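Listed below, chain by chain, are the residues.
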Number of protein chains: 2
Amino acid sequence: MKLAVQIKMTKSLYLRDPEQSELGRNIIKHSIQLIQKTGFESFKFKKLAESIGTTEAGIYRYFENKHKLLVYIISWYWGWLDFQIGYQTNNVKDPISKLKLVIKILTNNVNKDLIPSHVDESLLHQILIAEGSKSYLTKHVGEDNNQQYFKPYKDLCNSVGEIIKECNTQYQFPHALASTLIEVAHLQNFFIHNLPTITNFDQTKKEDKIIEFLNNLVFSSIKC
Amino acid sequence: MKLAVQIKMTKSLYLRDPEQSELGRNIIKHSIQLIQKTGFESFKFKKLAESIGTTEAGIYRYFENKHKLLVYIISWYWGWLDFQIGYQTNNVKDPISKLKLVIKILTNNVNKDLIPSHVDESLLHQILIAEGSKSYLTKHVGEDNNQQYFKPYKDLCNSVGEIIKECNTQYQFPHALASTLIEVAHLQNFFIHNLPTITNFDQTKKEDKIIEFLNNLVFSSIKC
DNA sequence: AATAAATAATAGTATTACTATCATTTATAA
DNA sequence: TTATAAATGATAGTAATACTATTATTTATT
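Described in the following lines is the structure provided in the data block.

Points about the environment of Tyr87(A)
All names here are of chain A.
Part 1: As for its position among the elements, Tyr 87 is in helix H4 (residues 66-88).
Part 2: Classification of Tyr 87 by relative accessible area gives partly exposed; the value is 40%.
Part 3: The sequence separation of Tyr 87 and Phe 63 amounts to 24 residues, and the corresponding C-alpha distance is 30 Å.

Okay, structure coming up:
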């Protein structure tokens, strides 16, 4: 029997559970490909339906609208990242090594194929970088939050925050630093690839530079 | 004669310069109000035209589409912030005090009415927090960048980066830290107001907490 | 007073984000 | 097996949106 990760998703995000049918899984799989390829603004349910070989109505039976589908996909990734962190740092005793590993995981710089999955994580990571903040930068963020849409994100922030606490119990802002770390990992990745003149990273071994920057940022803040 | 700040805007952002006519200035003014009120996704040129008392065609003579209008508004704010920083830190000799003042300015925690302006900066600040990253999180960010749309943003990052350098010439990542500082100031402001459980700031004197967090983040990183 | 530029008024189009309906296939249960 | 329900496919339709085009009118410039 294969090991499969089950990420628990908020029920109100979907009309029909996409994990439970072939069509549902296809919706997720092709959404990831299309959103990554065209960007969220140009992502249309009609194109999605065509690429799957179904109709618009078929998609709408699973997701009310494309924003919920985006939130679903992104939440799935947060849940999956949270799981990865728990799984991969499981044997690491030293909290500082643990936090360093977390930074690597957040920059997508570690082998995640330890656990097989039916989604393409590297595409998902790119979606996170380019579209992630659109999931909460809306006027209805409050209602979405009440519906627990951001629970996986908050759980992840909490997990990272707890590791930060382990490193230095005296540090005042573990959760703020955790959310900063998560977002800045994506932000700098976006900048380095799309607005390179904004940072002064040289363009060789980009990911390593981001990790170096983040390590410096986090560990000097918590004085380790 | 009144002192008026002129922020230099990239010409390719508009079709007709909105600074040069009453209608143009109205477009900017009402856009700011509408975007802040309804969010960018629900912001429609038709509603904008109605609120000004003109027609859709009138708006389209100034801006090709609503994304360019957003970029215009946001760029204006970056340019204005950059100017504020130059102006307000002008007499400050000590680079550390200077950087502290920059952090205050970025968190909107300082009196900016020193210089009069026909736009409402506090509305603009809210737009920046909620919509700012949408200006570059697109598939056409590369072309937009080639058109110099992000020059004011980069200039601001550069100004802040230079002040960071003044504080510690040895610090390796002044520009990355500058962009991080600018974005995190907005991010934490958004979180504290919209997803409060994500940070562990208590809800009193929110802005002060953000400043404290940012000061800690920046000054420990550059070891001052 | 003549000319050009800017604006207003109106209409039109292709696309989009859905909703509704009904027929057909597939799974489940008696 | 048959009856029943659930999921899917096929098709059509609608209101709203993001524009473009055209012509008339007002305002500014020479």
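Section: the protein's contact with DNA strand D
Part 1: The local shell around DNA strand D holds 14 residues, among which Thr54(A), Arg61(A), Tyr62(A), Lys44(B) and Tyr60(B) are the closest.
Part 2: Interatomic distance of 3.0 Å between a side-chain N/O atom of Arg61(A) and a base oxygen of DNA strand D.
Part 3: Between DNA strand D and Tyr62(A) there is a distance of 2.9 Å, counted from a phosphate oxygen to a side-chain nitrogen or oxygen.
Part 4: Sorting elements by how many residues they give to the surface near DNA strand D places helix H3 (residues 56-60) of chain B first, with 3 residues.
Part 5: Its residues assigned to classes, the surface near DNA strand D shows 4 nonpolar, 4 polar and 6 charged.

What about the relation of the copies chain B and chain A?
Part 1: Of the transformation placing chain B onto chain A, the axial shift is 0.0 Å and the rotation is 180°, giving an RMSD of 0.0 Å. Such a combination of turn and shift is consistent with a two-fold rotation axis. For chain B, the smallest separation between a C-alpha atom and the rotation axis is recorded for Ser220(B), amounting to 2.7 Å.
Part 2: Most of the interface of chain B is mirrored in chain A, where 100% of its interface residues are also at the interface.

Examining the interface of chain B and chain A
Part 1: Facing the 48 residues of chain B at the interface are 48 residues of chain A.
Part 2: At the surface where chain B touches chain A, the tally comes to 0 salt bridges.
Part 3: At the junction of chain B with chain A, the criterion picks out 12 residue pairs in polar contact (both at pLDDT 80 or more).
Part 4: Looking at the side of chain B that touches chain A, the elements that each hand over two or more residues are helix H1 (22-38), helix H6 (121-131), helix H7 (141-146), helix H8 (151-167), helix H9 (174-194) and helix H10 (206-221) of chain B.
Part 5: In terms of residue class, the side of chain B that touches chain A is made up of 22 nonpolar, 17 polar and 9 charged.

Details of the packing of H1(B) against H6(B)
Residue and element names in this part refer to chain B.
Part 1: One way to put it is that H1 packs onto H6 with a least axis distance of 9 Å and a crossing angle of 50°. In this view, H1 runs oblique relative to H6, as classed from their interaxial angle. Relative to H6, H1 is oriented so that their crossing is left-handed. On H6, the residues that touch Ile 32, Gln 33, Ile 35 and Gln 36 of H1 are Leu 123, Leu 124, Gln 126, Ile 127 and Glu 131.
Part 2: Of the residues in the contact of H1 with H6, the class split is 5 nonpolar, 3 polar and 1 charged.

What to know about empty space enclosed by the protein
Part 1: Counted by the stated rule, this structure contains 6 cavities of 30 Å³ or more.
Part 2: Approximately 350 Å³ is the volume found for the largest cavity.
Part 3: Of all the elements in the fold, those that place two or more residues in the lining of the largest cavity are helix H6 (121-131) and helix H9 (174-194) of chain A together with H6 and H9 of chain B.
Part 4: Looking at the lining of the largest cavity, its residues break down into 16 nonpolar, 6 polar and 2 charged.

Re H10(B)
An α-helical turn contains 3.6 residues, so a residue and the one three or four places further along point in the same direction.
Part 1: Counted at 1.5 Å a residue, the expected span for H10(B) with its 16 residues is 22 Å, and the 23 Å between its end C-alpha atoms agrees.
Part 2: The buried fraction of H10(B) is high, at 12 of 16 residues.
Part 3: For H10(B), the complete set of buried residues consists of Lys206(B), Lys209(B), Ile210(B), Ile211(B), Phe213(B), Leu214(B), Asn215(B), Leu217(B), Val218(B), Phe219(B), Ser220(B) and Ser221(B).
Part 4: Those residues of H10(B) hidden inside the fold are in contact with H9 and helix H10 (206-221) of chain A together with helix H5 (95-106) and H9 of chain B.
Part 5: Once H10(B) finishes, Lys223(B) follows within two positions and takes phi at roughly 55°, a positive value.

About the thresholds
- Residues numbered from 1 in each chain as written.
- Chains lettered and ligands numbered in written order.
- Predicted model: local features only at pLDDT ≥ 70, side-chain atom pairs only at ≥ 80, totals over all residues.
- Heavy atoms only, no water.
- Helix = DSSP H or I, 4+ residues; strand = E, 2+ residues; numbered from the N terminus.
- Buried < 20%, exposed > 50% of the residue type's maximum accessible area, 1.4 Å probe, protein only.
- Near = heavy atom within 4 Å.
- Polar contact = N/O pair within 3.5 Å; in protein donor to acceptor, adjacent residues only side chain to side chain.
- Nonpolar A, V, L, I, M, F, W, Y, C, P; charged D, E, K, R; others polar.
- Least-squares fit on C-alpha atoms with pLDDT ≥ 70 in both.
- Contact = heavy atoms within 4.5 Å.
- Salt bridge = Lys/Arg side-chain N within 4 Å of Asp/Glu carboxyl O.
- Axes fitted to C-alpha atoms, helices over the stretch in contact; angles between N-to-C directions.
- Parallel < 35°, antiparallel > 145°, perpendicular 65-115°, else oblique.
- Left-handed = near helix turned anticlockwise from the far one by under 90°.
- 1 Å grid on protein atoms, 1.4 Å probe; cavity = no way out; pocket = protein on both sides within 12 Å on 5 of 7 lines; lining within 4 Å.
- Points joined across faces, edges and corners; volume = space filled by probe spheres on them.
- Expected span 1.5 Å × (residues − 1).

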